[in-house]
Amino acid sequence: MRSTDATQTSERTPAQQGSTTQHGDAAQQGSTTQQGNAAQRSSSTQRSKAKENRRQALLTAAASLFAVNGFNRVSLEDLGAAAGVSGPAVYRHFPGKQAVLADLLVTVSEELLDGGRKVVEDSPDPLTALRQLVEFQVDFALGKPDVIRVQDRDFSNLSEQDQAAVRALQRSYVEVWVDVLARLHPGTDTSELRMRAHATFGLINSTPHSVRSHGRRIAAAAARPLLEGMALAALTVDNPAAV
């Protein structure tokens, strides 16, 4: 007696069995490939993070060394040693010492502009915006006094192109303040408002010098409210109701 149809349909030809095996192999290979790609992406991400961390370490070291010794007295070997890498390894991140200085000053100028704009966007009214801009600038001055020293002393060591980039960013940052001040001092000439902003920056950014008394550093907790109060007083003079 012949086998039943059910038995016959359960049997597969060699060709059909080969097709099933190929599909299984392809699926396994696809899974292996996906795992390999994921591992490569993870490894690439880790390398990128490590590279960025070394770059940031070099910029931090540059700010400190340039502030203490001046740009011209610091070598790439000094930067590398301070950041924990060899002198030649610095070239993996920057083409030269001037590029380190440019990155330091351009980056901080971009951060100030972006941060100032966000402060204004998130503020419900001009007085709140002004107060928070002052707080933002004081945070910068107390947190990065070395960068302020470098800007004051070594700006001229930038290339003309980088000087222009920093100036453009800083002018835009000033205008963020001027726009807020114009809402608090309607009818006041824009040039006067810019003067107020620049004078306030001078006050706040003097912290690398003013927070020291007879060689001893004044704690930020004590310096902060004093700086913020003086800055707001200067910005709102002739409009005491704003305070």
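1. A look at the nonpolar core
Counting residues in each nonpolar core, the largest one holds 56 residues, and the members touching the most others are F66, L79, L130, V134 and W177. Looking at this core, the elements with two or more residues in it are α2 (14–69), α3 (76–83), α4 (97–121), α5 (126–143), α6 (145–154), α7 (160–184), α8 (190–204) and α10 (220–235).

2. Quick notes on the environment of E192
On the secondary structure map, E192 appears in helix α8. The class for E192 is partly exposed, based on a relative accessible area of 31%.

3. Quick word on the packing of aromatic side chains
Counted according to the given criterion, the structure contains four aromatic pairs. Between F66 and F71 the ring centres are 5.3 Å apart and the planes differ by 65 degrees, which places this aromatic pair in the edge-to-face class. The same class applies to F66 as to F71, namely buried. Aromatic side chains Y173 and F201 sit 5.6 Å apart centroid to centroid with 15 degrees between the ring planes, which places their arrangement in the stacked category. With Y173 in helix α7 and F201 in helix α8, this pair connects stretches of sequence that are 28 residues apart. Classification of Y173 as buried rests on a relative accessible area of 5%. Among the aromatic residues, those joined into a ring-pair cluster are Y173, W177 and F201. Here the guanidinium or amino end of K97 rests over the ring plane of F71, the centre of that ring lying 4.3 Å away.

4. Some points on the side chain of S109
Along the polypeptide, S109 turns up in helix α4. Not counting residues within four places of it along the chain, the set of residues in contact with S109 comprises V166, L169 and Q170.

5. Digging into the pattern of salt bridges
Evaluation of the coordinates by the stated rule reveals six salt bridges. Across the pair D103 and R55 runs a salt bridge, and its minimum N-O distance is 2.9 Å. In this pair, D103 sits in helix α4 while R55 sits in helix α2, placing the two residues 48 residues apart along the sequence. This pair shows no difference in class: D103 is buried, exactly as R55 is. Residues E192 and R196 are paired through a salt bridge, measuring 3.1 Å at the closest nitrogen-oxygen approach.

6. What about the environment of N72?
Examined against the element boundaries, N72 turns out to sit in the loop between α2 and α3. We classify N72 as exposed; its relative accessible area is 61%. Contacts of N72, omitting those with residues within four sequence positions, involve K97 and N157.

7. What about the environment of V180?
One can find V180 in helix α7. Between the C-alpha atom of V180 and that of T128, which follows or precedes it by 52 residues, the distance is 9.7 Å.

About the thresholds
- Residues numbered from 1 in each chain as written.
- Predicted model: local features only at pLDDT ≥ 70, side-chain atom pairs only at ≥ 80, totals over all residues.
- Heavy atoms only, no water.
- Core = buried A, V, L, I, M, F, W, Y, C linked by side-chain atoms within 4.5 Å.
- Buried < 20%, exposed > 50% of the residue type's maximum accessible area, 1.4 Å probe, protein only.
- Helix = DSSP H or I, 4+ residues; strand = E, 2+ residues; numbered from the N terminus.
- Phe/Tyr/Trp six-rings, centres within 6.5 Å; stacked < 30°, edge-to-face > 60°.
- Lys NZ or Arg CZ within 6 Å of the ring centre and 35° of its normal.
- Contact = heavy atoms within 4.5 Å.
- Salt bridge = Lys/Arg side-chain N within 4 Å of Asp/Glu carboxyl O.

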